[in-house]
Amino acid sequence: MNIVDLMQFPMASTGENYGVIRTFQPFVNRELETARRQNMEHPRMAISMWIYLLNWCRGMRCGIIKHVNERRDYGTPLILLTNTGDIVIQVRLASRVERAFTSYTALPIQTWIRLDCYVQYSQVNLQVNYETTSEEKVDVVHAFNFHEDILCNDTSGYLVIGGSRYMDGFHGYVGPVRYYRLGTEKVNNPLSPSKTLEALDRTHWECEEMKLVIAGFIDELRHHREISLQDKCHSYYVVQMRRYGQVTCAQMLNWDLQKKYQTVFKLIETQEALKSGEWSSSAARRLGSWFFEDVVSRIAKGEPVAGPGPTLSPVALLKVSSCLGQHQASLLLAAVHLASFGVPEDLQQGHLYSLIGAAADNRLALLHLGYKHMYGLDGFSRDHAMAYNYYANIGRQTSIDKDQIEDSQQYITDPIHISVEEELNTQMGETDDVVQYIKLQAERGDIEAQKHLANILFWGLNGVSKDVATAVKWYARSALQMTDAKAMFDYSILLVKGQGVKKNVTIGLQLMEKAAAMGSTEALNGLGWYYSTIVKEPKRALKYFQQAAQNGSSNAIFNIGVFHLQGHPVRNETAAFECFLNSSYYGHVDGALEVAHHLSIGILPGVTRDPEKAAILLKRISEQNGHLGYANREALQAYLQGAWDEALVRYIMLAETGLGVAQNNAAHLCEELNHSSVCHYRYYNHSICNHAPHYSGLLKMGDLYIQHHDVVTDGMSLAMEMYSRAALAGSPQGIYNLAVLIEEGQDIPQSILNNMGAAAEKRGDNSAIVQRLLQRCVEIAEEWEGDTLNPCALALLRVNIQTAWRDFTQDTLQLAMAYGMLGGFLIVLAYVIVQITLGRGGEAVSAWQRDGALAGSEDSAPVRPADRQPRDEMDGASRREMGSLRVNPSDRSAQPGVSPPPHQNRRVRELQEGIDAVITVAGVCLCALATMILSHML
């Protein structure tokens, strides 16, 4: 296509060297490609763009649009802004000479301006359109003829909108940008989305008014401290007039403004610190921070986000805070409107405050916009080049921030999931027994405890507050024992750089050399840094870097890459890129920044342009930012202290930056606090968009898809995908859930089974698939939990038994043998039953005859007393014997002194033998059956 929309969603420009990079490919259409080639040295092209300036350039010039060719020279067009608001246009002529002209436009601040640049052969026309505050339209044309055809090859190199590595951009916003590759007589580029961009303009003007009014009120408050506003709005300037005889207020503080900002004035009056000192931008930010924290506490106490009135609501105070320069408030405003947290969903307001926060260079707001454009969420365009623009900015800030080790508002981003008890238990805090024990051991001279305690205090780990001064003391105590290379290096680098301790290069270098001699890889790199940066001996430095790199030091690998760029021994960009790439694998921030830059432009030979990979790489690096870690720690501490509502507010704000752990925690708190199902669904769903999501979010989304599979299209297949991703992330629960779905008859896609290594030889053999999945589940559960008895193991046992029984019943020979054994067993059992029945009949006749005989004998021959043995003369053995012979009195045949007939003894023996035979046969049959079944299980 001839017309290319370079930008359809607004971009926030911070005025630094970051911008959106675009490249062009040859036309697929042969006729168009032929026309483009003919136009390279006889060009006709046009570009139209909307810009909104918050300030003119900080330096002499700053970039609006720049074309950089493959030789890294500026091509056509190059459109710049000056520090007086004028426009400079530079072109490259067919003779390869660069020429430029200046159009004295004096562009206005805080106004949407459309710039239309036409290139026709040797002439450039610049048309400037905007509307003044009095609604007067300005339409000015600036033309210049270079008297030589202009060279324009858009497929060479890349085009960048805003700043670049070679020049800063302007501070403001970029609206729609449209490019006509083969030229046009008239451009068509309306302001879009018009409502959002017009609201952005109004918001900035309202903020300017608010800042002036607040500054004026504070100035009056400092000069007249007795002034106090009552609930009923009144003009206190009348009182001043009566007291001093004249009005001392500025015109800006009129009656309407007093009424409009009455509630804000009341809050300001409570801040005694504002009544002294000069009002400045830093004082305004402190006031904005106080408003922000007040809003968070009010929401945590259950106050509605929208509130009863426009000036009393938390949302209104957040707007004031944003205007005063506290742009965490801007991010929170964007979050509540995008997530409909206490207010109706309003994408326009969400987009507006997202742009305001990013334009102010706020770290979290930059992360937020990068994340939204990375995945195209909440109405933001899916644009990896735009995402790279924001991530490159926060990535560079992360590189700078990591050296500010004494900053109390920087912490390592600790990925603690509040739904995982094992992770929560790591947040011990200063008073925890483990920390106290480590401290005790450190005081006793244990060097490992000293190093551990120093790291905890230096970085603020495990819930312990950061204390760099104390940490340095423990680093010193462990290092000065001169026995541990790591301890010596850690302290030496602090001494050499003067971080947290008074700078002492001499002692620091001695410790570093000693640590290097003891085998410390990082000490070798430290020596290389010392000789390259301080002493300026590159050859000696390179030797140390190479030694350290051979032992796996990511810092040394990166430093060698820098040497390749600087020409030591010769300049080699490809070798430098390889070094940067290798160091990025270890998480090196600066290495990742260099790799991402080359991926974003694609100029280096052998490196294909891939802005998506560049953005993903920088997202990981940016999430190491210490200020993000501090905000995450605040949310976690609020949760641990029982302030769950406050923790939810803070986690929602962080979740909007794309931080996976915050998304999972926000979703978990939404469930625990019984917020709407939209809340927890939103953040679990967002968490799975990340490049490497945590398995807990994947499991939750799988469960939600199954619960709502009747209303969600392909709900079951989506659930299977979630469970399989959780399983690949190492979750035993994910594997178990997949196995259950297969057992229930669900058809699992072959691709998922292949990824799980559970593809059966026969696609329909579900039992084999289930067995393989459960076996894998058991292995992972044992590896993670060390517990051999888990749900997967029990389920695997059940499945193995079922499979063995099925295989056994399908084996004809074994089944016949089983039936034969069962038949034989039944025959023997039947025979014994018959014998028992017949035996009982014979015993009844014998008992009747025996009873008659006994009765006759008793009448004729009574028992004599002499035959009785005295009870007390029985010994113990006799008592035991009598006890063993004691029977039912009705069974006269078994009484002592009465002998059963011989045929009855024979019958009893036969019955006993039959019973023994039945037991024996049953045991043999059961053993045989068990053996055959076990043979199928093993």
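J.: Could you clarify how one ought to interpret the pattern of salt bridges in this entry?
T.: Oppositely charged side chains are able to pair whenever their charged atoms sit close together. Here the structure, examined in full by the defined rule, presents 36 salt bridges. Between D383 and R22 there is a salt bridge; the shortest N-O distance is 2.6 Å. Placement of D383 in the loop between helix 10 (363-375) and helix 11 (384-401) and of R22 in strand 3 (residues 19-22) is noted, with a sequence separation of 361 residues between them. Taking the relative accessible area as the measure of exposure, R22 reaches 15% and is therefore buried. Look at the salt bridges and you will find they share partners, linking E33, R36, R37, D154 and R181 into a network.

J.: It is not clear to me how the packing of helix 17 (residues 505-517) against helix 18 (residues 521-533) should be interpreted in this structure. Could you clarify?
T.: The description of two packed helices rests on the angle between their axes and on the distance between the axes. Viewed as axis vectors pointing N to C, helix 17 and helix 18 meet at an angle of 140°, and their least axial separation amounts to 8 Å. Relative to helix 18, the element helix 17 lies oblique. Our pair here, helix 17 against helix 18, has a crossing hand that is left-handed. Where helix 17 approaches helix 18, its residues V505, L509, M512, E513, A515 and A516 are matched on the opposing element by A523, L524, G526, L527, Y530 and Y531. Broken down by class, the residue content of the contact of helix 17 with helix 18 amounts to ten nonpolar, one polar and one charged.

J.: Honestly, the confidence of the model for the chain in this entry has me stumped. Any pointers?
T.: Low pLDDT marks regions whose predicted coordinates should not be analysed in detail. Confidence in the prediction of the chain, expressed as mean pLDDT, is 84, and 81% of residues score 70 or more. Within the model, the stretch residues 225-251 combines pLDDT values under 50 with 48 contacts to residues more than four positions away or in other chains.

J.: I would appreciate a short explanation of the state of the cysteines in the present structure.
T.: By definition, a disulfide is the covalent link that joins the sulfur atoms of two cysteine residues. The full count for this structure, using the stated rule, is four disulfides. What pairs with C57 in a disulfide is C62, and their sulfur atoms sit 1.8 Å apart. Between C57 and C62 the disulfide shows an S-S torsion of about -65°. By sign, it is left-handed. In this structure, C57 and C62 share a single accessibility class: buried. Here C777 is linked by a disulfide to C792, with a sulfur-sulfur distance of 1.7 Å.

J.: I would appreciate a short explanation of the packing of aromatic side chains in the present structure.
T.: Two aromatic rings are characterised by how far apart their centres lie and by the angle between their planes. Across all of its chains, the model carries 18 aromatic pairs by this definition. Arranged with centres 5.9 Å apart and planes meeting at 50°, the rings of Y52 and Y173 form a pair that is tilted. Here the residue Y52 occupies a position in strand 4 (residues 44-55), and Y173 occupies one in strand 14 (residues 171-180), the gap between them amounting to 121 residues. Grouped by ring-pair contacts, the aromatic residues Y52, W112 and Y173 constitute a single cluster. Lying over the aromatic face of F27, R181 brings its terminal NZ or CZ to 4.2 Å of the ring centre. Sitting over the face of the ring of W529, K497 holds its NZ or CZ atom 5.2 Å from the ring centroid.

About the cut-offs
Residues numbered from 1 in each chain as written. Predicted model: local features only at pLDDT ≥ 70, side-chain atom pairs only at ≥ 80, totals over all residues. Heavy atoms only, no water. Salt bridge = Lys/Arg side-chain N within 4 Å of Asp/Glu carboxyl O. Helix = DSSP H or I, 4+ residues; strand = E, 2+ residues; numbered from the N terminus. Buried < 20%, exposed > 50% of the residue type's maximum accessible area, 1.4 Å probe, protein only. Axes fitted to C-alpha atoms, helices over the stretch in contact; angles between N-to-C directions. Parallel < 35°, antiparallel > 145°, perpendicular 65-115°, else oblique. Left-handed = near helix turned anticlockwise from the far one by under 90°. Contact = heavy atoms within 4.5 Å. Nonpolar A, V, L, I, M, F, W, Y, C, P; charged D, E, K, R; others polar. pLDDT = per-residue confidence, 0-100. Disulfide = S-S within 2.5 Å. Phe/Tyr/Trp six-rings, centres within 6.5 Å; stacked < 30°, edge-to-face > 60°. Lys NZ or Arg CZ within 6 Å of the ring centre and 35° of its normal.

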